[in-house]
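Examining the three-dimensional arrangement
For reference, the chains in residue letters:
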Amino acid sequence: MSYLAKNYNRKKISFVRGKGSYLYTANGIKYLDFVQGIAVNCLGHANPKLVKTIKNQSKKLWHVSNAFQIPEGEKLAKKLCQKTFANYVMFQNSGAEATEAAIKVARRYFYSIGKPNKNRILCIKNSFHGRTIAAIFASGSKKMTEGYGPKVSGFDHIKFKDSKPRFPNLRSKIKKNTAAIMVETILGEGGIKQIPDKCLKYLRKICDKKKILLILDEVQCGVGRSGNFFAFEQSKVKPDIVPIAKGIGGGFPIGAVLMNKKVAVGMTPGAHGSTFGGNPLAMAIGNTVIDIVSNKKFLNNVQKSSKYFFLKLNYLKKKYPTIIKEIRGRGLLIGIKLYKDQGKFIKKLMDNKLLTIRAAENVVRILPPLNVKKNELDQALKIMDRVCSELK
Ligand SMILES: *Cc1c(COP(=O)(O)O)cnc(C)c1O
C-alpha cells in the first residue's frame, strides 16, 4: 500500500545509492543509468566536487530571503551572462517555473513599453514546457490539459513538421497581439526533434521583422547536453529569453531565466519573485556545476563521446533495420525511434541493467551523464545489441 498519489506509473524498482553513471539497489544490483533523473544529473551521481560543495555550503548557510544580497547568486548570474547572450538572470526552482517566468518577462516587457495588449505567446503544438497550469496550456497537448479547465488563454499554436516546410503555418499565426514565439531548441519529451539551425535563423528573422521576442526553452537541451553550452549556439541565433533548469543544479533543483538587456526593463522591483529561488545552497551548487560544464575541454569531450556513440548507434540501426527506425538528437540528448514497441524495448533494456526512458513518437530516450566514459557507452551498446537480437 502506497500513500503517494498515483500520478506516476512507476517501475517496481528503487535505488539506495548512485556513483557516476551507475545506480545500486538495496541488494547491490548495479544498473547503468542513462536516464540520470531525465537529463538532470549532468555530472552523474554523487560527483565528488558537488558532494564537497554541498558539504561546505551546508555548514555555512542554506537559505536567506531574496530581500537580502546573495553573493553566491551574484557569482552564478555573472558566469551565466559572461558565457552567453544574456545580460540578466532570475533564479527559480524548476523548469516549469523558469518557462512561466520567461512568459512573464516577455509580457512585462511589452507592458513596460506601453503595449500591454501584445501578450500572446506562440508555441509548438504538443511541445513541452512543464506541468503548471499555464505551461500545460502553452504546450497545448490534449493529454496534459485534459480535465484542467478552464483553459488558460494567451497561447496560440504552430505546427512543427519534420518534413519541409518546417513551420507551415507560422506567418498566419503571428497576430498584432503576439508577444513572443516560445520553442524548445530540441524537443525533448516530444521525441528528441531538433529545430534545424536554418529554421532557428528563420524564427529569429521573423521575430525581428514583426518586433516580437524569441524565447528558446533550453530546460532539457541546455547546460552542455547538446555538446555546446546551449543548443542554439551553433546556429549563431541570439534569443531574447532562455529558461533553463534540469542540468544546471546537477541534481539539486535550480531553474533560471536568462534575458537580454532590452527585455529586462520590465523586471522592476516587485515584478516577480520566488521564496526559494536562488538561495545560497542552490547557488553554491550551481557555481560548481557551471565551472565544470562550461569548460571548453569538458564540452569538447561531450562532443567526442557523442560522435562515438552516434557512430555506433547507427551501426546498430544498420544491423537491425526492422527494429530501429532512426537515431535522433545531438550531443548526449539521444533518441532511438523504433518500429517495435517502445515500452517493451525499455523493459528489456532494464532487465539487462540499462536504464532509459521514453519520449513521444515511440522514441527511447538516452541521457548519459555528460562525463560518461567510453567503456560505459560500450556497455550500453552491447546491451542494446543483445536486446535487439532477442527482439528480431
Ligand atoms: C523538463 C522540462 C520542463 C519542466 O521542468 P520541470 O522542472 O519538470 O518543471 C520545461 N521545459 C522543458 C523543455 C523540459 O524538458
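As a starting point, this report considers the structure included with it.

The rules behind these values
- Residues numbered from 1 in each chain as written.
- Predicted model: local features only at pLDDT ≥ 70, side-chain atom pairs only at ≥ 80, totals over all residues.
- Heavy atoms only, no water.
- Helix = DSSP H or I, 4+ residues; strand = E, 2+ residues; numbered from the N terminus.
- Buried < 20%, exposed > 50% of the residue type's maximum accessible area, 1.4 Å probe, protein only.
- Contact = heavy atoms within 4.5 Å.
- Lys, Arg positive; Asp, Glu negative; His and termini not counted.
- Charge placed at Lys NZ, Arg CZ, Asp CG, Glu CD.
- Pairing = 2+ DSSP bridges.
- Phe/Tyr/Trp six-rings, centres within 6.5 Å; stacked < 30°, edge-to-face > 60°.
- Lys NZ or Arg CZ within 6 Å of the ring centre and 35° of its normal.

1. Topic: the overall build of the chain
Of the regular secondary structure elements, the chain holds 12 helices and 17 strands. The dimensions of the chain, computed from C-alpha atoms along their principal axes, are 65 × 55 × 50 Å. Here the chain holds 392 residues, and the buried ones make up 55% of them. Within the chain, contacts between residues at least 6 apart in sequence are counted, and of these 70% link residues at least 24 apart. Averaging the positions of the 73 positive and the 25 negative side-chain charges in the chain gives two centres separated by 2 Å.

2. Quick word on the sheet that holds strand E15 (residues 354–355)
Strands in a sheet are paired, the pairing made by backbone hydrogen bonds, and the direction either parallel or antiparallel. On the basis of which strands lie adjacent, the open sheet formed by 4 strands has the order E1-E2-E3-E15 and mixed pairing. The strands lining the two open edges of the sheet, one partner per strand, are strand E1 (17–19) and E15. As defined by bridge partners, E1 adjoins strand E2 (residues 22–24) across 3 bridges and the pair is classed as antiparallel. Bridging across to E2, lysine 19 finds its partner in tyrosine 22.

3. Topic: the environment of isoleucine 113
Along the chain, isoleucine 113 falls in the loop between helix H4 (95–112) and strand E5 (120–124). Put simply, isoleucine 113 and valine 265 are 152 residues apart on the chain and 8.8 Å apart in space, counted from C-alpha to C-alpha.

4. Thoughts on the packing of aromatic side chains
In this structure the tally under the stated criterion is 7 aromatic pairs. Aromatic pair phenylalanine 85 and phenylalanine 232: ring centres 6.0 Å apart, planes at 75°, arrangement edge-to-face. Of this pair, phenylalanine 85 sits in the loop between helix H3 (71–83) and strand E4 (88–92) while phenylalanine 232 sits in the loop between strand E10 (213–217) and strand E11 (241–244); the two residues are 147 residues apart in sequence, bridging distant segments of the chain. Take phenylalanine 85 and phenylalanine 232: they sit in the same class, and that class is buried. Exposure remark for phenylalanine 232: the relative accessible area of 4% places this residue in the buried category. By the ring-pair criterion, three or more aromatic residues cluster together here, those being Phe85, Phe229, Phe230 and Phe232. Across from the ring centre of tyrosine 24, 4.1 Å away, lies the NZ or CZ of arginine 17, which sits over that ring. When the ring centre of phenylalanine 155 is taken as reference, the NZ or CZ atom of arginine 107 above it lies at 5.7 Å.

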